[in-house]
Protein chains: 2
Amino acid sequence: MTKIVILGTGNIAQHLFDAFEEHSNLEVVQVLGRNDPALEYFNKSTETDTNFGELADADIYIAAVSDDSIYAVCEQLKITNKLVVHCSGSMEMTAMPSHNRRGVFYPVQTFSKGRHVDFKDVPICIEAENDRDLAALNGLATTLSCHVYTVTSKQRGHVHLAAVFVNNFTNYLYGVGAEICRKNGLPFDILHSLIAETAAKIQEVSPIKAQTGPARRADKGTIAKHLALLQQKNYFEIYSLLSRSIEETYGDKNG
Amino acid sequence: MTKIVILGTGNIAQHLFDAFEEHSNLEVVQVLGRNDPALEYFNKSTETDTNFGELADADIYIAAVSDDSIYAVCEQLKITNKLVVHCSGSMEMTAMPSHNRRGVFYPVQTFSKGRHVDFKDVPICIEAENDRDLAALNGLATTLSCHVYTVTSKQRGHVHLAAVFVNNFTNYLYGVGAEICRKNGLPFDILHSLIAETAAKIQEVSPIKAQTGPARRADKGTIAKHLALLQQKNYFEIYSLLSRSIEETYGDKNG
């Protein structure tokens, strides 16, 4: 039985809690958070507390808090030489104070309130200061997920950067599509099937091979037509830059 | 029984052919193409010909050819006053010669060789010069799909533009993510679950509400960290522009 304390009450804390609860070899013995109402999510099935000085004994302490709060939260923990991990993509492992054994447990996924996530498909990046702690984190991660990666802080930073491109920026492009539809009296639903297929395709074909569209074909006529339709300055610039970048990527192959 | 002639042998021609073949009230009586080997895909189950002068009689003639070829292909057809449609997102209906009744049958999807597409989920945009032809196209489209939209050429141009953002540009961002992974010794698989969830989420939550990430939070620290990691000029510019655009979109809400 692995005993776990979760520090924090936000989206990731809730999703991790739900995932841990599904496994009989894991026990969340306590959830700590400053936000009393937010603790209600947890307090039917585990101990909760707003006082970070009242720590339960556990094998792993998970700081599921925002990047900016990681240091402060970990510093106030009245424990020493315990395994404490954060869940951030972009923070170094050594961003935590050194009076505990440090580690990282980073699920590569976007978590939203009310949307169930099946953790067995969620890649988890782990890191620790010593092999025994790494083995413990590997045990925890493989209980949840079929995709566990031991990576350095530097590699993890690149995973997080790549995640911004494929998640945050992609979602923004979905928003541009939605806005273009709205302004022209069309429902955004008209793009749903295309969005789903575009995402599904790259599970089988590499994106470099899957690329299509006017810029891929160096189809100057269609590009000019599209630019003429884009009155919003940001959209015009995004279309220009991404088209130019696609043309440069495939330029040798076209020429 | 609706009799159909397909002009062209490429991806869209093949996918439309496969979709039509599934319905007993539709009959593809002929497929025409200049490319003899490409006709093999069709010639086990229908007539094929390389001579565009040898046209079979049909209710609807579908020009499933590239934008640049639409006019030339339609002009050489030795028929008059027949319903001839193209499948392009960006070409006006009137881009076809006027000796036949003109229409448009535009499936809003990306088609790849060897990937099955379930047409019942594919939105189809239709347009025609008169109500009777529009009804015929509506009959054909609703046989295939649950999502049929009657739109003007102008609206369709905007659908196509939006499709470039959510499909071509999104795929390019997947490629950037793949490249960042590759350069840092990480498999692209590490992003698959995130890509699938990002695409799935907007079927339920609007992209404007689903937006997360450093730019959404105006998290200058993480943005600066990410920009410092981006040595490739295009990637740096894309990250900067999209982050700035997201910050501007949400600026009022942050401030």
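Residues numbered from 1 in each chain as written. Chains lettered and ligands numbered in written order. Predicted model: local features only at pLDDT ≥ 70, side-chain atom pairs only at ≥ 80, totals over all residues. Heavy atoms only, no water.

### Topic: the relation of the copies chain A and chain B
Here's step 1: When chain A is fitted onto chain B, the two copies agree to an RMSD of 0.0 Å after a turn of 180° and an axial shift of 0.0 Å. Each copy turns onto its partner about a two-fold axis. Scanning chain A for the C-alpha nearest the rotation axis identifies Thr-170 of chain A, at a separation of 2.7 Å.
Here's step 2: Most of the interface of chain A is mirrored in chain B, where 100% of its interface residues are also at the interface. (Least-squares fit on C-alpha atoms with pLDDT ≥ 70 in both. Contact = heavy atoms within 4.5 Å.)

### Quick look at the sheet that holds strand β5 (residues 83-86) of chain B
Residues and elements named next belong to chain B.
Here's step 1: Here we have eight strands laid out as an open sheet, ordered β3-β2-β1-β4-β5-β6-β7-β8, and mixed in their pairing. In this open sheet, the two edge strands, each paired with only one partner strand, are β3 (47-49) and β8 (148-150). With direction set aside, neighbouring strand axes in the sheet form an average angle of 25°.
Here's step 2: As judged from the four bridges shared by strand β4 (residues 60-63) and β5, these two strands associate in the parallel manner. The residue bridging Tyr-61 from the neighbouring strand is Val-84, located in β5. (Pairing = 2+ DSSP bridges. Helix = DSSP H or I, 4+ residues; strand = E, 2+ residues; numbered from the N terminus. Axes fitted to C-alpha atoms, helices over the stretch in contact; angles between N-to-C directions.)

### With respect to helix α6 (residues 192-201) of chain A
Here's step 1: Burial within α6 of chain A is extensive, with eight of its ten residues counted as buried.
Here's step 2: Those residues of α6 of chain A not exposed but buried are His-192, Ser-193, Leu-194, Ile-195, Glu-197, Thr-198, Ala-199 and Lys-201 of chain A.
Here's step 3: Where the residues of α6 of chain A are buried, they touch α5 (153-183) and α7 (207-210) of chain A together with α5 (153-183) and α6 (192-201) of chain B. (Buried < 20%, exposed > 50% of the residue type's maximum accessible area, 1.4 Å probe, protein only.)

### Some words on the side chain of His-15 of chain A
Here's step 1: Among the secondary structure elements, His-15 of chain A is positioned in helix α1 (residues 11-21).
Here's step 2: Setting aside chain neighbours within four positions, we find His-15 of chain A in contact with Phe-111, Ser-112, Arg-115, Val-117 and Phe-119 of chain A.

### Some remarks on the sheet that holds strand β1 (residues 2-7) of chain A
Residues and elements named next belong to chain A.
Here's step 1: Read across the open sheet, the eight strands follow the order β3-β2-β1-β4-β5-β6-β7-β8; overall the sheet is mixed. Of all strands in the sheet, those with a lone pairing partner are β3 (47-49) and β8 (148-150), marking the two edges. Taken over all neighbouring pairs, the strand axes of this sheet differ in orientation by 25° on average, direction set aside.
Here's step 2: Docked against the sheet, helix α4 (residues 131-144) engages β1, β2 (26-32), β4 (60-63), β5 (83-86), β6 (101-107), β7 (124-128) and β8, running at close to 165° with respect to β7.
Here's step 3: Sitting on the sheet, α5 touches β5, β6, β7 and β8, and the angle it makes with β6 is about 25°.

### Let's talk about the packing of α5 of chain A against α6 of chain B
Here's step 1: The N-to-C vectors of α5 of chain A and α6 of chain B enclose an angle of 15°; their axes lie 10 Å apart at closest approach. Here α6 of chain B runs roughly parallel to α5 of chain A, going by the angle between their axes. When you trace α5 of chain A past α6 of chain B, the crossing you get is right-handed. Judged by residue contacts, Ala-163, Val-166, Asn-167, Thr-170, Asn-171 and Tyr-174 of chain A of α5 of chain A engage Leu-194, Ile-195, Thr-198 and Ala-199 of chain B from α6 of chain B.
Here's step 2: For the contact of α5 of chain A with α6 of chain B, the residue count by class is six nonpolar, four polar and no charged. (Parallel < 35°, antiparallel > 145°, perpendicular 65-115°, else oblique. Left-handed = near helix turned anticlockwise from the far one by under 90°. Nonpolar A, V, L, I, M, F, W, Y, C, P; charged D, E, K, R; others polar.)

### Regarding the side chain of Asp-219 of chain B
All names here are of chain B.
Here's step 1: By the secondary structure assignment, Asp-219 is in the loop between α7 (207-210) and α8 (220-229).
Here's step 2: According to the relative accessible area criterion, Asp-219 is buried, its value standing at 17%.
Here's step 3: Separated by 3.1 Å, the side chains of Asp-219 and Arg-217 make a polar contact.
Here's step 4: A polar side-chain atom of Asp-219 sits 2.7 Å from a polar atom in the side chain of Thr-222. (Polar contact = N/O pair within 3.5 Å; in protein donor to acceptor, adjacent residues only side chain to side chain.)

### Re the nonpolar core
Here's step 1: Counting 84 residues, the largest nonpolar core has Phe-165 and Leu-191 of chain A together with Phe-165 and Leu-191 of chain B as the members making the most contacts within it.
Here's step 2: Beyond its immediate sequence surroundings of up to four residues, Phe-165 of chain B is in contact with Leu-173, Val-176, Ile-180, Leu-230, Tyr-235, Ile-238 and Tyr-239 of chain A together with Thr-170 of chain B. (Core = buried A, V, L, I, M, F, W, Y, C linked by side-chain atoms within 4.5 Å.)

### A word on the pairing of β6 of chain A
All names here are of chain A.
Here's step 1: Taken across its seven residues, β6 has six buried, putting it largely inside the fold.
Here's step 2: In terms of strand pairing, β5 meets β6 through four bridges, oriented parallel. Within the sheet, the bridge partner assigned to Val-84 lies in β6 and is Arg-102.
Here's step 3: As defined by bridge partners, β6 adjoins β7 across five bridges and the pair is classed as antiparallel. Within β7, the residue paired with Tyr-106 across the bridge is Cys-125.

### A few points about the interface of chain A and chain B
Here's step 1: Tallying the contact residues gives 84 residues for chain A and 85 residues for chain B.
Here's step 2: Counting the surface lost from both chain A and chain B, the interface buries some 8200 Å², and carbon and sulfur atoms represent 64% of this.
Here's step 3: On the surface where chain A and chain B come into contact, there are six salt bridges.
Here's step 4: One salt bridge connects Arg-115 of chain B with Glu-204 of chain A, and the closest N-O pair in it is separated by 3.1 Å.
Here's step 5: Remark: the boundary between chain A and chain B carries 44 residue pairs in polar contact (both at pLDDT 80 or more).
Here's step 6: If you list the elements that add at least two residues to the side of chain A that touches chain B, you get α5, α6, α7, α8 (220-229) and α9 (233-254) of chain A.
Here's step 7: At 25 residues, α5 of chain A tops the list of elements feeding residues into the side of chain A that touches chain B.
Here's step 8: Classifying every residue of the side of chain A that touches chain B gives 44 nonpolar, 29 polar and eleven charged. (Buried area = accessible area lost by both parts, 1.4 Å probe. Salt bridge = Lys/Arg side-chain N within 4 Å of Asp/Glu carboxyl O.)

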